[in-house]
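# Descriptive analysis of the structure
So the chains spell out like this:
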Amino acid sequence: MMVSFPEHPGFAAPDEEERERIDKDRKMLWRFMRRAQAYAGALARGQTTSLDNDDKDELLALVPVLRGELPVVIQAETAEGIRAALAFSKELGLKTILAGTRDVWRVADEIAAAGVPIILGPLESRPAPGDPYDAVFKAAVVLEKAGVPFCFRSGGATNARNLSYHAGLAVAFGLSREAAWHAMTRGAAEILGVSEHY
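A brief structural summary. (Residues numbered from 1 in each chain as written. Predicted model: local features only at pLDDT ≥ 70, side-chain atom pairs only at ≥ 80, totals over all residues. Heavy atoms only, no water.)

## A look at the overall build of the chain
Scanning the chain from terminus to terminus reveals eight helices and five strands. Taking 198 residues into account, the globule formula puts the C-alpha radius of gyration at 16 Å, and the chain, at 18 Å, falls close to it. For the chain, the spread of C-alpha atoms along the three principal axes comes to 60 × 50 × 35 Å. Counting across all 198 residues of the chain, residues that qualify as buried make up 42%. Within the chain, counting contacts between residues at least 6 apart in sequence, those at least 24 apart form 62% of the total. Summed over all atoms, the accessible surface of the chain reaches about 10700 Å², with 55% contributed by carbon and sulfur. When the 23 positive and 27 negative side-chain charges of the chain are each reduced to one mean point, those points stand 3 Å apart. (Helix = DSSP H or I, 4+ residues; strand = E, 2+ residues; numbered from the N terminus. Rg over C-alpha atoms; globule rule 2.2 N^0.38 Å. Buried < 20%, exposed > 50% of the residue type's maximum accessible area, 1.4 Å probe, protein only. Contact = heavy atoms within 4.5 Å. Areas by Shrake-Rupley, 256 points an atom, 1.4 Å probe, with all protein chains shown as cover. Lys, Arg positive; Asp, Glu negative; His and termini not counted. Charge placed at Lys NZ, Arg CZ, Asp CG, Glu CD.)

## Concerning the packing of aromatic side chains
Scanning the model with the defined rule gives five aromatic pairs in all. Arranged with centres 5.0 Å apart and planes meeting at 85°, the rings of W30 and F88 form a pair that is edge-to-face. With W30 in helix 1 (residues 16–44) and F88 in helix 3 (residues 79–92), the pair connects residues that are 58 residues apart, well separated along the chain. Its relative accessible area of 1% is what places F88 among the buried residues. Centroid distance Y133 to F173: 6.5 Å. Interplanar angle 70°. Geometry classified as edge-to-face. With Y133 in the loop between strand 4 (118–120) and helix 5 (139–146) and F173 in the loop between helix 6 (163–172) and helix 7 (177–184), this pair connects stretches of sequence that are 40 residues apart. Overall, the relative accessible area of 62% leaves Y133 in the exposed class. Put simply, the rings of F5, W30 and F88 pair up and form one aromatic cluster. (Phe/Tyr/Trp six-rings, centres within 6.5 Å; stacked < 30°, edge-to-face > 60°.)

## Some thoughts on the pattern of salt bridges
Pairs can form between side chains of opposite charge once their charged atoms are near each other. Applying the stated rule across the entire model yields 14 salt bridges. Residue R21 is joined to E18 by a salt bridge in which the shortest nitrogen-to-oxygen separation is 2.7 Å. Linking R21 with E18, this pair stays in helix 1, spanning three residues, or about one helical turn. Judged by its relative accessible area of 34%, R21 is partly exposed. A salt bridge links R34 to E91; the nearest nitrogen and oxygen atoms lie 2.5 Å apart. With R34 in helix 1 and E91 in helix 3, this residue pair connects regions lying 57 residues apart in the sequence. With relative accessibility at 33%, the residue R34 sits in the partly exposed group. (Salt bridge = Lys/Arg side-chain N within 4 Å of Asp/Glu carboxyl O.)

## Focus: helix 6
Listed as buried for helix 6 are H166, A167, L169 and A170. The buried residues of helix 6 all sit within an arc of 155° when viewed along its axis, so they share a single face. Taken together, the buried residues of helix 6 touch helix 5, strand 5 (150–152) and helix 7. Note on helix 6: the residue one or two positions beyond its end, G174, has a positive phi of about 115°. (Arc of directions from axis to C-beta.)

## What about the pairing of strand 2 (residues 72–75)?
Here strand 2 shows a buried face lined by V72 and I74 and a second buried face lined by V73 and Q75. With three bridges joining them, strand 1 (residues 2–4) and strand 2 adopt parallel strand pairing. Bridging across to strand 2, V3 finds its partner in I74. Sheet topology places strand 2 next to strand 3 (residues 96–100); four bridges connect them, and they run parallel. Each bridged residue has a counterpart across the sheet, and for I74 the counterpart in strand 3 is L98. With helix 3 bridging strand 2 and its parallel neighbour strand 3, the resulting β-α-β unit is right-handed. (Pairing = 2+ DSSP bridges. Right-handed = clockwise from strand over helix to strand, strands pointing away.)

So, in C-alpha cells, the structure goes:
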C-alpha cells in the first residue's frame, strides 16, 4: 500500500487555507484507517455480515496492512510531514517504509529512533531555499550515519535505468561504494521484505 501523506508541497510555510486543507485530509485519512481497524477486528471475530457497506473492498484490502503482514509506504517530503507520518504509523502500529528525499536529512535521527527504513530519491530533487545545495545529494550519507536502512528510487519506471546514477551521486557526495551497492541490491530487498528470495 502506498500513501501520499497530506503535507504542504511548497517551500514556503502554508497559508491558513492550505493548513486547513492539510488538517482536513489528515483527519480523513485517520478516520478511514480507524474504520479499517474496526473492520479488521470484526473480521477476526467473525462478524462480517453486519459490516457490509460501500467501502467494504477498500477496508478489506487494508486488513493485511493493519495486521502487519504488508508494509505501507508513506510518501512524505517535509520534516513536518515526516514527523506526522511517523506519529500516524506508530499510533496505528503499521509496518512502515518512508519514501522521500527533500527533508529526510533534517529528521534522520527521528526516523532512526522510529526504526523505519526509507526509499530515498529521486536525488535530482531540489533542496528547499536556504538549504545547502548538496543537502539532497548527502541525504544518503546522513541516513547511513544515523543507522537508517535505505534504498534508492529513480522516480518512476521509465527512469529505472538511472538507478545507478542516483547511487553514483550519493557516492560522489560521501556515501561509501559498499553502502551504495547494498542500497541498490540486498538493502532494497530487505526493506521490501523479499530478501529471502535473493
